[in-house]
Each structure stands twice: as structure tokens, then as C-alpha cells.
Amino acid sequence: VSFAGDQSWTDLTHAAEAAIFVARVDRPALLLDLSGRVIEVNQRLLTSVDCDRADLVGHVFWELAWWHSRPIARERVQDLVELAGTADQHGAAVVPLRRPDGATVPIQVTMSVARPDRTHLLAEVVELTDARRTIGLLDERNQAVAGAEARFRALVAHSRDLICRHAPTGAYIDVSPAAAACSA
């Protein structure tokens, strides 16, 4: 929260409220006014995009240096701000973000109304490389489960014991030949 000499107490109160609000968001986030100007950012965002607060606060969101190499990204972000501000609708877009070191990473920007009086918008930013890593782990686990299920089915198919597995509805999923012979 900055305290310039020409700010009124009302401005200072709003700035403090904005700082507290955005600090409580558990993901990287920015608080915007309806014109798209960044009012406040949280530390999670500053850390994830490797920026200083001064590079963001006071600037129009879609005019940040992040988007300069990608006009389509700027247009998508501007559309999200306008949609959330005028139609009170949530929106999300996947856009490339250029970091200060020149690296480009895919991010998802989610825009929503932050206050009941519809005077502020919350932009949450999630780097998709983290999501891709998670999806990769889930794929590996799904493949491991599929392999285990195939081994189980092979065991059931060749077993002389009575083995059956059924769904919660009662329908049989796997039945050994011995169990099938008993039910016939």
C-alpha cells in the first residue's frame, strides 16, 4: 500500500482493502478496476511471473509487457476484462506470457467480479506448465492402474477359484471360469 501525500483517507482505505483482499487469494492474482487498470497484486503472482509490484500496479492489464509480443493474447485478456465488467460473467483464456528473462510460458487467466458492487475484477493467473506436469503424473498413474487391471483380469481368466468382481449396481465386471460355471 503506497501512501502518497495527495491521497485522501478514502483512497488509502480502498488501497488497504485491496491489498488485504488480494493477499488472501490462494493463487497468483491481480485486482483490477473496471477499466482494466491493475489496483493490487499478491506476492504469489509476483513470485510466479518474476516481476516487481511497480511494473504492474497502475498499469492497464492488457498493456503490460507480458503481452507485447503477442497481440492476440492482449486482445483475449482485454475481452475477458470487458466481459466480466459489463456482463458480470466469469471467463478464462489460455494465453502465452513472456517473462522478463524472455521465456514464454502458457498461462490461464481467469477473470471474475471481485466485489458485490461490481467495481473490481479479480484476475487469477495459473501457469499451465504446472498443470501439464500434474496431467503427466495422472497419465502415468492411469497407465499403472490400467496395467494392474489387465494383470488382475488375466489372473481371473486363468483361475480355478471362484472369483468375481461387480459394480455398485450389482452388474458383474469380471468373472472367473469357475464362478461362471457355478452360475450357469
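Quick note: structure is the one above.
From a predicted model like this one, the values you see are computed outputs, not experimental measurements. (Residues numbered from 1 in each chain as written. Predicted model: local features only at pLDDT ≥ 70, side-chain atom pairs only at ≥ 80, totals over all residues. Heavy atoms only, no water.)

Novice: Describe the sheet that holds strand β1 (residues 29-33), with residues and values.
Specialist: A sheet is described by the order of its strands in space; here five strands give the open sequence β2-β1-β5-β4-β3, paired in antiparallel fashion. Edge positions in the sheet fall to β2 (38-41) and β3 (91-98), since each has one partner strand and no second. Pairwise comparison of adjacent strand axes, ignoring direction, gives a mean angle of 30 degrees for this sheet. Note that β1 and strand β5 (residues 120-127) share five bridges and pair antiparallel. By the bridge assignment for β5, Asp33 is matched with His120. (Pairing = 2+ DSSP bridges. Helix = DSSP H or I, 4+ residues; strand = E, 2+ residues; numbered from the N terminus. Axes fitted to C-alpha atoms, helices over the stretch in contact; angles between N-to-C directions.)

Novice: Before we move on, could you go through the environment of Asp79 and cite the residues and values that matter?
Specialist: Tracing the backbone shows Asp79 in helix α3 (residues 71-87). Remark: the alpha-carbon pair of Asp79 and Ala93, spanning 14 residues in sequence, is separated by 9.6 Å.

Novice: Could you give an account of the side chain of Ser159, naming the residues involved and the relevant values?
Specialist: Tracing the backbone shows Ser159 in the loop between α4 (128-158) and β6 (164-166). Apart from the residues within four sequence positions on either side, Ser159 is in contact with Ser176, Pro177 and Ala178. (Contact = heavy atoms within 4.5 Å.)

Novice: I'd like to hear about the nonpolar core, residue by residue, with values.
Specialist: Leu30, Leu32, Leu56, Phe61, Trp66 and Met111 are the most contacted members of the largest nonpolar core, which has 29 residues in total. Elements represented by at least two residues in this core include exactly β1, β2, α2 (43-49), α3, β3, β4 (104-113) and β5. Top contributing element to this core by residue count: α3, with five residues. Those residues in contact with Leu30, other than ones at most four positions away along the chain, are Val22, Val38, Glu40, Val41, Leu45, Phe61, Leu121, Leu122, Ala123 and Val125. Ranked by size, the runner-up nonpolar core spans seven residues in total, among them Ala18, Val22, Ala114 and Leu122. (Core = buried A, V, L, I, M, F, W, Y, C linked by side-chain atoms within 4.5 Å. Buried < 20%, exposed > 50% of the residue type's maximum accessible area, 1.4 Å probe, protein only.)

Novice: Pulling in residues and values, what's your account of the pattern of salt bridges?
Specialist: Counted according to the given criterion, the structure contains three salt bridges. Residue Glu124 is joined to Arg27 by a salt bridge in which the shortest nitrogen-to-oxygen separation is 2.7 Å. With Glu124 in strand β5 and Arg27 in the loop between α1 (9-23) and β1, this pair connects stretches of sequence that are 97 residues apart. With a relative accessible area of 11%, Glu124 lands in the buried category. Residues Arg53 and Glu40 are paired through a salt bridge, measuring 2.9 Å at the closest nitrogen-oxygen approach. Residue Arg53 is found in the loop between α2 and α3, and its partner Glu40 is found in strand β2; the two are separated by 13 residues along the sequence. (Salt bridge = Lys/Arg side-chain N within 4 Å of Asp/Glu carboxyl O.)

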